[in-house]
Amino acid sequence: MPNTEIPKLEDYSPRSLDHFFLSIKASYDKEEAQCGGIPEKIEELRIRWVGRKQGHLKSIVETCLKTAPAEVKSALGVRFNQLKVHIDQALAMASSDATILSTGYTTVRAASRTADSIDITLPGIRPGLGVEHPLVRTMNEIVGIFQRMGYSVGVGPEVETDYYNFEALNFPPDHPARDTQDTLVVAKQEHKSLRDRLLLRTHTSPVQIRTMERQPPPIRIVIPGKVHRNDAADATHSPIFHQVEGLCVDENITFSDLKGTLDHAMKELFGSSVKTRFFPSFFPFTEPSADVQISCIFCGGKGCRKCKHSGWIELLGCGMVDPVVFDSVRGKQPGYDPKKISGFAFGMGVDRIAMMKYGISDIGLLYSGDMRFLEQFA
Ligand code: PHE
């Protein structure tokens, strides 16, 4: 059995401390090599070096560390710890390699192992893959349907002026939607004229105006985005929700184009057996206006609790663009002449569609950030 002499520490200069510990490390490495990977020898090596009672490390603590003057203790301690970590790691490796060798089972592990290599046969740590939020997924799906019909995609600001959100869309000054009961407004705007006051957009329709101001007809665009209303949160209401707006302007655009486009989009979204029907409605910026209903996707139109036994579910608002809306952009884009062009617009709530598609009963879940809910979409 090799008998390592622990050298004497002559002085405490950094140089001799380094020398002292390096030579001990070299002795250990030499002894380990002499074990030839034989389990019994490695066990003896372990007892000889890290044995609690008489191991070399223990005697270094007793004879060198404890007796050293206070001012060099930390320099000694750092080097001692490095040595100890080296020996502990080397022993752990040597004994697992020894097991592999003694069972006659050699693998890359034994062959490639050095004191500080990694074990490439261990399973890696897989980073969790993120997925789209159900709202984003639904929004992308809707947008994709219109992209395939030749629509482009636009966006606009969430903090909007009264002008774009209401005035240019033909909302009269006293329209109830303008009330702070319905609309979240930015504070300290009173000094501005009404049209310049900032608010959180209540729908994506202001982007119709912004798009037409920038671009002459023809236009085919969908606008996905977040909107805000001063609504108390409950299972079906959230002060934040999402819409996809659509705008198509060209020569000879008719109400049947609107019907055909939305009927196709609903069939793409909910399946080809879904039917649509259009009911007269009112929006200040479309004339005529309609609410679109689809046959209930839960009961196929027979009537159930989800459709309140009517067989139909109301899903979106739409209509032919009111000529007064074209008038508000003609100063910037004379091409929007209602005598020459016409168009339709629509707006749908993404949250309701997502809730229907994925069977979500509480809109709040979409905004809670609760991983137990979100993980179900992975
Ligand atoms: N902006 C309307 C809403 O939020 C929806 C709509 C859009 C209606 C476009 C007609 C045309 O209720």
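Scroll up to find the structure.
Residues numbered from 1 in each chain as written. Predicted model: local features only at pLDDT ≥ 70, side-chain atom pairs only at ≥ 80, totals over all residues. Heavy atoms only, no water.

Examining the overall build of the chain
- When you go through the chain residue by residue, the secondary structure sums to 13 helices and nine strands.
- A globule of 378 residues ought to have a C-alpha radius of gyration of about 21 Å, yet the chain, at 38 Å, is considerably larger.
- Seen through its C-alpha atoms, the chain measures out along the principal axes to roughly 105 × 55 × 40 Å.
- With 378 residues in all, the chain has 41% of them scored as buried. (Helix = DSSP H or I, 4+ residues; strand = E, 2+ residues; numbered from the N terminus. Rg over C-alpha atoms; globule rule 2.2 N^0.38 Å. Buried < 20%, exposed > 50% of the residue type's maximum accessible area, 1.4 Å probe, protein only.)

Considerations on the pairing of strand β4 (residues 219-228)
- Counting buried residues along β4, eight of its ten residues qualify, which places the element largely inside the surrounding structure.
- With two bridges joining them, strand β1 (residues 152-153) and β4 adopt parallel strand pairing. Residue pairing across strands places V153 opposite V222, the latter belonging to β4.
- The pairing of β4 with strand β5 (residues 240-250) spans ten bridges and is classified as antiparallel. Residue pairing for β5: P224 is matched across the bridge by V244. (Pairing = 2+ DSSP bridges.)

Comments concerning unusual backbone geometry
- With omega at 5°, the peptide bond leading from P217 into P218 counts as cis.
- Along the polypeptide, P218 turns up in the loop between α8 (206-214) and β4.
- Omega for the bond connecting E287 with P288 falls within 30 degrees of zero, at -5°, which places this linkage in the cis form.
- Its location among the elements puts P288 in strand β7 (residues 286-295).
- Although it is not a glycine, N170 adopts a positive phi angle of roughly 75°.
- Structurally, N170 is set in the loop between α7 (162-165) and β3 (198-200).

Describing the packing of aromatic side chains
- Taken as a whole, this structure holds 13 aromatic pairs when the rule is applied.
- Ring centres 5.9 Å apart and planes at 35° place the aromatic pair F283 and F285 in the tilted group.
- Members of the aromatic cluster, joined through ring pairs, are F146, Y151, F344 and F346.
- K306 extends its terminal NZ or CZ atom over the ring of F298, reaching a point 4.3 Å from the ring centre.
- In this structure, K357 is placed above the aromatic ring of F270, and the distance from its NZ or CZ to the ring centre is 5.6 Å. (Phe/Tyr/Trp six-rings, centres within 6.5 Å; stacked < 30°, edge-to-face > 60°. Lys NZ or Arg CZ within 6 Å of the ring centre and 35° of its normal.)

What to know about the site of the ligand
- Close to the ligand lie 14 residues; H203, S205, R229, Q243 and G347 are nearest.
- With respect to the ligand, the side chain of S205 contributes an N or O atom lying 2.9 Å from a nitrogen atom.
- Q243 is positioned such that a nitrogen or oxygen atom in its side chain is 2.9 Å from an oxygen atom of the ligand.
- Contact with the protein chains hides 89% of the accessible area of the ligand, taken as 330 Å² for the molecule alone.
- Across the shell around the ligand, the residue classes tally to five nonpolar, seven polar and two charged. (Near = heavy atom within 4 Å. Polar contact = N/O pair within 3.5 Å; in protein donor to acceptor, adjacent residues only side chain to side chain. Areas by Shrake-Rupley, 256 points an atom, 1.4 Å probe, with all protein chains shown as cover. Nonpolar A, V, L, I, M, F, W, Y, C, P; charged D, E, K, R; others polar.)

Quick notes on the sheet that holds strand β6 (residues 276-283)
- Taken together, the seven strands give an open sheet; going across it, the order is β1-β4-β5-β9-β8-β7-β6, and neighbouring strands pair in mixed fashion. In this open sheet, the two edge strands, each paired with only one partner strand, are β1 and β6.
- Here strand β8 (residues 312-321) runs beside strand β9 (residues 342-349); their pairing, made up of five bridges, is antiparallel. Considered in β9, the bridge of L316 is made with M348.

Considerations on the nonpolar core
- Counting residues in hydrophobic clusters, the biggest one holds 45 residues, and the most contacted among them are F146, L262, M266, F270, L315, F346 and M348.
- With residues near it in sequence (within four places) discarded, M348 still touches I142, F146, H242, Q243, V244, M266, L315, L316 and I353.
- Among the nonpolar cores identified, the runner-up in size contains 24 residues, and Y163, A168, L247 and Y336 belong to it. (Core = buried A, V, L, I, M, F, W, Y, C linked by side-chain atoms within 4.5 Å. Contact = heavy atoms within 4.5 Å.)

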